[in-house]
Amino acid sequence: MMDMMPYAQALFELGTESQKDDVYLEQLKACSNVWVSNQKLVAVLKHPKIKREQKEQILSTCFEKDVDPIVFRFLRVLNQHDLCAYIPEIYEAYKKCYDKYHHIEMVEVYSAAALDPKQVEDLKKVLSERLHKTVELDVKVDPKLIAGLKVQTADFVLDNTVLARANEMKEHIKKS
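Residues numbered from 1 in each chain as written. Predicted model: local features only at pLDDT ≥ 70, side-chain atom pairs only at ≥ 80, totals over all residues. Heavy atoms only, no water.

### Considering the nonpolar core
Trp35, Leu59, Phe63 and Tyr94 are the most contacted members of the largest nonpolar core, which has 31 residues in total. Every element with two or more residues in this core is listed here: helix H1 (5-17), helix H2 (21-37), helix H3 (39-46), helix H4 (52-63), helix H5 (69-80) and helix H6 (87-101). Ranked by residues supplied to this core, first place goes to H6 with seven residues. Apart from residues no more than four positions distant in its own chain, Tyr94 is found in contact with Ala8, Leu11, Phe12, Asp21, Tyr24, Leu25 and Leu28. By size, the runner-up hydrophobic cluster in this structure holds eight residues, among which are Leu123, Leu131, Leu137 and Val151. (Core = buried A, V, L, I, M, F, W, Y, C linked by side-chain atoms within 4.5 Å. Buried < 20%, exposed > 50% of the residue type's maximum accessible area, 1.4 Å probe, protein only. Helix = DSSP H or I, 4+ residues; strand = E, 2+ residues; numbered from the N terminus. Contact = heavy atoms within 4.5 Å.)

Here it is as structure tokens:
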């Protein structure tokens, strides 16, 4: 798998210079969604026997009117280097650049039961204050946890679930 970060960084730098990094993020996300939902398009863009000019015409028809001119030129450059099929990976790399620049931390939260919107907002607020960053939560329900929360960031894991406590007790009993 190729590293798409250099391409994402190049577009991100153009976005920050023109103060359109958020626009480019949303447009790359939309393109990525098209790629993920349309495997025929990806197959055409990857196919070695289809000429670049034909691929560029497809890109023009699908995206030229709907994206910023810089984003469209970026798609054309990717096409010239046979990398257009990797838009989802480039989007993910761009998102990492965006999040780092804007001090946004993605936090995974596992809960035994679904959290209501107020609980999610309260948790988001507490974590933002503790991490000194803007926090985006990815909340997942895992009934095996029995009760409690498991919070995972890039730097730490806080596991306050009944399952974790039961496992700790089990290990303590084994050692005794």
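Having seen the model, we can carry on.
### Focus: H3
Looking at H3, one finds that the buried residues are Leu41, Val42 and Leu45. Within H3, the buried residues cover an arc of 100° as seen down the axis, which keeps them to one side. Away from the buried face of H3 by more than 90 degrees, exposed residues Gln39 and Lys40 are located. In this structure, the buried side of H3 is in contact with H2 and H4. (Arc of directions from axis to C-beta.)

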